[in-house]
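# Survey of secondary and tertiary structure
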Amino acid sequence: GLFPSGQVIAASICFRSVHMKLSIVVLAVLVACVAAQEPMARLVPATRMDQNWTQPFYRNLMVQEPPMNGSDVVVLQNLIARSPYCTQFDITGNYDRSTAAQVQRVQAGLKLPVTGVVDVATSAAVLAKYADDHYHDDGTIPEGYMYKMHVPVYRDRSIETTATLFAANGTVLHRFTVRTHGQNDSAGNALNMFAGDG
């Protein structure tokens, strides 16, 4: 798979409204755990998954007119914005000259060929280096929120885990088992959190 097994990342969501039903809370957690909301068929056309791409990437990204856009560009821009090699730039959803310049900085920093084109090697390196958001739950509930949902998520998504719903004062209201495991695509490639079905 894309990630080493046994490491834990977590998702916590806080809620201001006392009137939210548990089903909405669970839905919010599921939505937060999936980065791409598009159906798989729209996210990665089957005819383009032929060069060992790791989702959400499925094509070379380069400057052209009109600019390339899509979920893959948005994910790329958000990932490279985490890089210490980048300077501040606008996340527009378009693969423009500014994005290409930031890609060149990342490529140089990661010792990749500096082309400004996001190819299979660049996309894999960016995912490996910047996909982890480094979130770690500190156990606090921000002031003004009524609830907090904490869902530990293992990088080995086959591990079952227990989610906890907390009240604003830290009291445990409910614990329940969740399955956050991912799956493979039709070619047997592991789907990650950026894939619509991951």
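A brief look at the structure comes next. Note on numbering: residues in each chain are counted from 1, in written sequence order. Reporting in this predicted model follows two pLDDT cut-offs: at least 70 for local features of residues, and 80 or more for side-chain atom pairs to be given and counted; totals over whole chains, interfaces and linings ignore these cut-offs and use all residues. Where side-chain values are given, they derive from all heavy atoms of the structure, hydrogens and water being excluded.

Nonpolar side chains in soluble globular proteins tend to be buried together. By convention a nonpolar core is built from buried Ala, Val, Leu, Ile, Met, Phe, Trp, Tyr and Cys residues, the set being connected through side-chain atoms within 4.5 Å. Burial status follows relative accessibility: with a 1.4 Å probe on protein chains alone, a residue under 20% of its type maximum counts as buried, one over 50% as exposed, and anything between as partly exposed. Counting residues in each nonpolar core, the largest one holds 20 residues, and the members touching the most others are Phe57, Leu61, Leu76, Ile80, Tyr95 and Val126. Each helix is a run of H or I in the DSSP string that is no shorter than four residues. Each strand is a run of E no shorter than two, and both are numbered from the N terminus. When contributions to this core are tallied by element, the ones reaching two or more residues are helix H3 (71–80), helix H4 (97–109) and helix H5 (120–130). Here the element with the most residues in this core is H3; it accounts for five residues. Counting residues in hydrophobic clusters, the runner-up holds eight residues, among them Tyr147, Met149, Val153 and Val178.

Turning our attention to unusual backbone geometry. Residues Gln55 and Pro56 are joined by a peptide bond in cis, for which omega reads 20°. Positionally, Pro56 belongs in the loop between helix H2 (40–43) and strand E2 (68–69). A cis amide bond links Glu65 to the next residue, Pro66, at an omega of -10°. Relative to the assigned elements, Pro66 resides in the loop between H2 and E2.

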